[in-house]
Amino acid sequence: MEKIKYTLVMIIGMMVITVNCQNIKKLDDKNGFRNIKFECPKDSLKNIKLVEQSADTEYFIKTDEILIIGEYKIKQITYGFYKNKLCYIILDIEGYSNSKGILAVMQELYGEGYKDNKYIEKYTWSGEKVFAVYKENSITY
């Protein structure tokens, strides 16, 4: 059976790209996800479980995570820490309606997003502090 996997990645941006007609300031003001702020130390998150480790980066999931945004279901939320500071938040979203719903939430909050290829469902939002990516990806598993 073929399933569609969708991913939303939010990371601390190292560069600034100006995009017209977007409210990117809200993305920078939020500077994280829910009540978790970028650059916080990993010991500030409770109920976390290590799922992957490579060099200076560790990836965790929260065992008590609420896997929903509004009415849209999320498969998994992964928190990436580089040198013990939060720098990645990855939302894996399964299902077309959930994915499109999360995209609509992102666009409502932060603007349409920059789409550099009309054939690929990939949008980016670049602020001074935060960089967010929405990307659809079909995977058979």
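Since we're looking at a predicted model, the values are computed, not measured.

1. Points about the nonpolar core
Moving on, step 1. Within the largest apolar cluster, 25 residues are counted, with the highest numbers of intra-cluster contacts made by Ile 77, Tyr 79, Phe 81, Leu 86, Ile 89, Leu 91 and Trp 125.
Moving on, step 2. Taken together, the elements giving at least two residues each to this core come down to helix 1 (24-30), strand 8 (76-82), strand 9 (85-94), helix 2 (96-110), strand 10 (122-126) and strand 11 (130-140).
Moving on, step 3. Once residues lying within four places of it in the same chain are set aside, the contact partners of Tyr 79 are Phe 33, Ile 36, Leu 45, Glu 58, Tyr 59, Phe 60, Lys 62, Glu 65, Leu 86, Tyr 88 and Ile 89.

2. Considerations on the environment of Ser 44
Moving on, step 1. Topologically, Ser 44 is positioned in the loop between strand 3 (36-37) and strand 4 (48-54).
Moving on, step 2. Taking relative accessible area as the criterion, Ser 44 reaches 40% and is therefore assigned partly exposed.
Moving on, step 3. For the pair Ser 44 and Leu 86, spaced 42 residues apart in the sequence, the C-alpha separation amounts to 9.9 Å.

3. So, the packing of aromatic side chains
Moving on, step 1. Enumeration according to the criterion identifies four aromatic pairs in this entry.
Moving on, step 2. On the basis of an interplanar angle of 80 degrees and a centroid distance of 5.8 Å, the ring pair of Phe 60 and Phe 81 is categorised as edge-to-face. Remark: Phe 81 occurs in strand 8 and Phe 60 occurs in strand 5 (residues 57-62); sequence separation between them is 21 residues.
Moving on, step 3. By relative accessible area, which is 7% here, Phe 60 ends up buried.
Moving on, step 4. Pairwise contacts between aromatic rings join Tyr 123, Trp 125 and Tyr 134 into one cluster.

4. Looking at helix 2
Moving on, step 1. Compared with an ideal rise of 1.5 Å per residue, which puts 15 residues at 21 Å, helix 2 spans 21 Å between its outermost C-alpha atoms and is within 8% of the ideal.
Moving on, step 2. Turning to helix 2, its buried residues number three or more, namely Asn 98, Ser 99, Gly 101, Ile 102, Leu 103, Met 106, Gln 107 and Tyr 110.
Moving on, step 3. Gly 111 occupies a position one or two residues after helix 2 and carries a positive phi of about 100 degrees.

5. Looking at the side chain of Asn 31
Moving on, step 1. Locating Asn 31 in the fold gives a position in the loop between helix 1 and strand 2 (32-33).
Moving on, step 2. For Asn 31, a relative accessible area of 17% puts it in the buried group.
Moving on, step 3. Apart from residues lying up to four places away in sequence, Asn 31 is in contact with Ile 36, Lys 37, Phe 38, Lys 129 and Val 130.

Reading the values: rules and limits
- Residues numbered from 1 in each chain as written.
- Predicted model: local features only at pLDDT ≥ 70, side-chain atom pairs only at ≥ 80, totals over all residues.
- Heavy atoms only, no water.
- Core = buried A, V, L, I, M, F, W, Y, C linked by side-chain atoms within 4.5 Å.
- Buried < 20%, exposed > 50% of the residue type's maximum accessible area, 1.4 Å probe, protein only.
- Helix = DSSP H or I, 4+ residues; strand = E, 2+ residues; numbered from the N terminus.
- Contact = heavy atoms within 4.5 Å.
- Phe/Tyr/Trp six-rings, centres within 6.5 Å; stacked < 30°, edge-to-face > 60°.
- Expected span 1.5 Å × (residues − 1).

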